[in-house]
Amino acid sequence: MKTKTLAVIALIAFSFSGVSQKKWTLKEAVNYALKHNITIKQNVLNVKLSEEDVTINKGNFLPSVSASSSSTFSSGLSQNSSGVLAKTDNLNASFNVSARGNIFNGFRNLNFYKQALLGVESSKIELQRIKDNISLNVVDAYLNILFAKENLSAAQVQYEISKNQIIKLKNEVDAGAKAKGELLNVESTAATDEQNVVARQNTLNLALLTLAQLLQVSPEGFDIATINVGSPSIATLYDDSNVVYEKAVKTRPEIAKAELGIKNAELGVEIAKGAFLPSLSYSAGAGSSFFHQFNNLRPGQRNIYFFKQVLKDRFGYNAGLSLSIPIFNGYKTRANVNKSIINKEVSEYTLESQKLQLQQTIQKVFLDAKAAAKTYESAQKSLDAQNEAFKNAQERFNFGAMTLFDFDQVRNRLVNAQSSLIRAKYDYVFKTKVLKFYYGESILD
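Residue numbers run consecutively from 1 along every chain, following the written order of its sequence. This being a predicted model, a pLDDT of at least 70 is required before a residue's local features are given, and a value of 80 or more before pairs of side-chain atoms are given or counted; all residues contribute to the totals for chains, interfaces and linings. With hydrogens and water stripped out, all remaining heavy atoms of the structure feed into the side-chain values.

Visitor: Tell me about the overall build of the protein, and name the residues and values.
Guide: Runs of H or I in DSSP of at least four residues are treated as helices and runs of E of at least two as strands, each being numbered from the N terminus. The number of helices and strands found in the protein is 10 helices and four strands. Going residue by residue from the N terminus, the α and β elements of the protein occur as α-α-α-β-β-α-α-α-α-β-α-β-α-α. Against the compact-globule benchmark of 22 Å for 445 residues, the protein has a radius of gyration of 41 Å, which places it well outside the compact range. Over its C-alpha atoms, taken along the principal directions, the protein stretches across nearly 145 × 50 × 35 Å. A 1.4 Å probe rolled over the protein chains alone gives each residue an accessible area, and that area as a share of the maximum for its type sets the label: buried under 20%, exposed over 50%, partly exposed in between. Per-residue burial for the protein yields a buried fraction of 35% across its 445 residues. Only the protein chains shown count as cover for residues, and the accessible areas themselves come from Shrake-Rupley with a 1.4 Å probe. As displayed, the protein offers around 25,900 Å² of accessible surface, 55% of which is attributable to carbon and sulfur atoms. Taking the 52 positively charged and 40 negatively charged side chains of the protein as two groups, their mean positions are separated by 11 Å. Each radius of gyration reported is based on C-alpha atoms, and the globular scaling rule is 2.2 Å times the count of residues to the power 0.38. Only four residue types enter the tally: Lys and Arg on the positive side, Asp and Glu on the negative side, with His and both chain ends excluded. Working definition for charges: the position is that of NZ of Lys, CZ of Arg, CG of Asp or CD of Glu.

Structure, rendered in structure tokens:
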């Protein structure tokens, strides 16, 4: 049964590491995610959409030009050139070109254009925020794999210790030096250790699957390169959370986006006020027409040549200015101005809320990191003590001065201490990276 279980473990491990020789580094994983993530691609398109809005608003400064043409054919009784009713076939055609545009409209075109520029900047900031969050998620998933690998390695070591004890006790039982009951107890412990190996292998497989799905790549053969995390120290922490906050409030995209929201609202106020001002527009156009009669002409009469009619005889042009002065529109303009002022105040409160939320988040992350550092130091001390206790217990057990039950109790405390240290180490490493993330430092080191 044990042999079959180990074969299953080996098969699971092979499914993640044997198919492909590539092992992703942390930097490769982050860069790949930033390049291929669908959410990022969608927001890149949002930036492009915002840039098109700039083009549209820039076009408002230019005149709109249009051309038109129409032609009419008529046939039937009508007066001919002699004034007599007769059947005639006539063709009438007209050609027109017109242009119109704004000279002044309360600076609204200018402010709409400025709003469009802010929209591009806001879209780029939002894109950066999403990139930052995805990078942090990749780092978290990467560290979870490293944690799972160390946990699995510790479980495998304990399982090997149990197997060696089985061999040793079996020889002693065969020699009559130990009771068979002790061998059964050791075999039970080894079975439990074997279950822990299977469970932790599964945890590792799930952690690898999580990162593979985050990168949107196939989990088959997916694996990562090992990073030497080392022994983190509380000395790597910043002096206090305010140091991180003062830097973050100047660099975090959510703050920058909220600040842009205020600028956008200020332009909204100016746009609304522009409706109080008069607007001046211009128009210009040119046109001509052509007439042709197919029959019933007087003897010797000819139709006037096409270009002579269109370019000379029937050609005309026009130009004009239009001034619109707002007087009263049922208080709609005043209400729109008041609404835009309120929206500006809402944007200001949004910025304050973002700053407060950022400060509270950093304070919590800082305290979590400090607590994680102390937990790690305590776990290290506990493991050191449990290692010494285990060495002493192993010697006493080998000399028969300790029962198997008591020895297993000591060993279980050692296993728990190892697991606690591994968990505390990676918890602290991740939380310090989150602090670096808010401080604006690289989290890929």
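On we go from here.
Visitor: Kindly report on the nonpolar core, identifying the contributing residues and their values.
Guide: The biggest cluster of nonpolar side chains holds 57 residues, and the ones touching the most others in it are V138, Y142, L211, L215, F222, I224 and Y438. Elements supplying a minimum of two residues to this core: α2 (26-36), α3 (38-59), α4 (108-174), α5 (180-215), α6 (241-251), α7 (253-273), α9 (332-398) and α10 (404-439). Here the element with the most residues in this core is α4; it accounts for 17 residues. Filtering out sequence-adjacent residues up to four positions away, Y142 remains in contact with W24, T25, L26, A29, L211, I224, A225 and I227. Only buried residues count toward a nonpolar core, which is a set of Ala, Val, Leu, Ile, Met, Phe, Trp, Tyr and Cys residues joined through side-chain atoms within 4.5 Å. Counting 20 residues, the second-largest nonpolar core is a separate cluster that includes A379, L383, V410 and A417. Two residues qualify as a contact provided that any one of their heavy atoms is within 4.5 Å of a heavy atom in the partner residue.

Visitor: Describe a nonpolar patch on the surface, and please don't skip the residues or the numbers.
Guide: Where nonpolar side chains cluster on the molecular surface, the patch consists of F61, L62, F107, L110, F276 and L277 and spans about 560 Å² of accessible area. Inspection of the secondary structure puts F276 in the loop between α7 and β3 (279-293). What makes F276 partly exposed here is its relative accessible area of 38%. Excluding any residue in a salt bridge, patches collect residues exceeding 30% relative accessible area, merging like charges within 9 Å and nonpolar Val, Leu, Ile, Met, Phe, Trp and Tyr side chains within 5 Å. The salt bridge criterion pairs a side-chain nitrogen of Lys or Arg with a carboxyl oxygen of Asp or Glu, the two atoms within 4 Å.

Visitor: Can you explain the side chain of K433? Please cite residues and give values.
Guide: Tracing the backbone through its elements, the reader meets K433 in helix α10. For K433, a relative accessible area of 8% corresponds to the buried category. Apart from residues no more than four positions distant in its own chain, K433 is found in contact with V139, L143, I443 and D445.

Visitor: Can you lay out the side chain of R411 for me, pointing to particular residues and giving the numbers?
Guide: Topologically, R411 is positioned in helix α10. Contacts described as polar in this section are N or O atom pairs within 3.5 Å, which, within protein, must combine one atom able to donate a hydrogen with one able to accept it, while residues neighboring in sequence count only if both atoms come from side chains. Side chain to side chain, R411 and D193 meet in a polar contact 2.7 Å long. Excluding residues within four positions of it along the chain, R411 makes contact with Q158, I161, S162, Q165, T189, D193 and F390.

Visitor: Which residues make up the packing of aromatic side chains, and what are the values?
Guide: When two rings of Phe, Tyr or Trp (its six-membered ring) have centres within 6.5 Å they constitute a pair, described as stacked for plane angles under 30 degrees, edge-to-face for angles over 60, and tilted for the intermediate range. This structure, assessed with the given rule, holds 11 aromatic pairs. Centre to centre, the rings of F147 and Y426 are 6.1 Å apart; their planes meet at 65°, and the pair counts as edge-to-face. Of the two residues, F147 is situated in helix α4 and Y426 in helix α10; the sequence distance between them amounts to 279 residues. By the burial criterion, F147 is buried, and Y426 matches it. Members of the aromatic cluster, each reached through a chain of ring pairs, are F95, F290, F306 and F307. The ring of W24 carries K22 above its face, with NZ or CZ at 4.7 Å from the centroid. Between the NZ or CZ atom of K247 and the centre of the ring of Y439, over which it lies, the distance is 4.4 Å. We call a charge positioned over a ring when the NZ of a Lys or the CZ of an Arg lies within 6 Å of the ring centre and within 35 degrees of the ring normal.

Visitor: Requested: an account of the packing of α7 against α9, with residues and values cited.
Guide: One way to put it is that α7 packs onto α9 with a least axis distance of 8 Å and a crossing angle of 170°. It follows from the interaxial angle that α7 and α9 lie roughly antiparallel. Considering only residue class, the contact of α7 with α9 consists of 10 nonpolar, eight polar and seven charged. Axis lines are fitted through C-alpha atoms, for helices just across the contact stretch, and the angle between N-to-C directions can take any value from 0 to 180 degrees. The labels follow the angle: roughly parallel below 35 degrees, roughly antiparallel above 145, roughly perpendicular from 65 to 115, and oblique for the rest. Under the grouping applied here, Gly and all other residues not named as nonpolar or charged are polar, the nonpolar ones being Ala, Val, Leu, Ile, Met, Phe, Trp, Tyr, Cys and Pro and the charged ones Asp, Glu, Lys and Arg.

Visitor: Lay out unusual backbone geometry in plain terms, naming residues and giving numbers.
Guide: Non-glycine residue Q216 carries a positive phi angle of around 60°. Looking at the secondary structure, you find Q216 in the loop between α5 and α6. Positive phi outside glycine occurs at Y331, with the angle close to 65°. Note on placement: Y331 falls in the loop between β4 (316-324) and α9. For Y331, a relative accessible area of 62% puts it in the exposed group.

Visitor: Before we move on, could you go through the pattern of salt bridges and cite the residues and values that matter?
Guide: Any two side chains of opposite charge can pair, on the condition that their charged atoms come close. For the structure on display, the rule yields 15 salt bridges. Between R411 and D193 there is a salt bridge, with the nearest N and O atoms lying 2.7 Å from each other. With R411 in helix α10 and D193 in helix α5, the pair connects residues that are 218 residues apart, well separated along the chain. According to the relative accessible area criterion, D193 is buried, its value standing at 7%. Between K364 and D368 there is a salt bridge, with its nearest N and O atoms 3.0 Å apart. Pair noted here: K364 and D368 are both in helix α9, with a separation of four residues, about one helical turn. Under the relative-accessibility criterion, D368 is labelled partly exposed at 25%.

Visitor: Now, about the packing of α3 against α4: what can you tell me, with residues and values included?
Guide: When two helices pack together, you describe them by how their axes are tilted relative to each other and by the distance separating the axes. Packing of α3 against α4 brings their axes to within 8 Å, and their N-to-C directions diverge by 170°. In terms of axis orientation, α3 runs roughly antiparallel to α4. Classifying every residue of the contact of α3 with α4 gives 12 nonpolar, seven polar and six charged.

Visitor: Outline the environment of A86, supporting the account with residue identities and numerical values.
Guide: Take A86: it is sitting in strand β2 (residues 85-104). Distance from A86 to G76, taken between C-alpha atoms, is 7.6 Å for residues 10 residues apart in sequence.

Visitor: Any chance you could break down the confidence of the model for the protein for me, citing the residues and the numbers?
Guide: Think of pLDDT as the predictor's per-residue confidence, scored from 0 to 100. Residues at a pLDDT of 70 or more form 90% of the protein, whose mean pLDDT is 88. Ranking the helices and strands of the protein by mean pLDDT puts α7 first, with 97, and helix α1 (residues 2-17) last, with 43. The model gives residues 1-20 a pLDDT under 50, and that stretch makes 29 contacts with residues more than four places away or in other chains.

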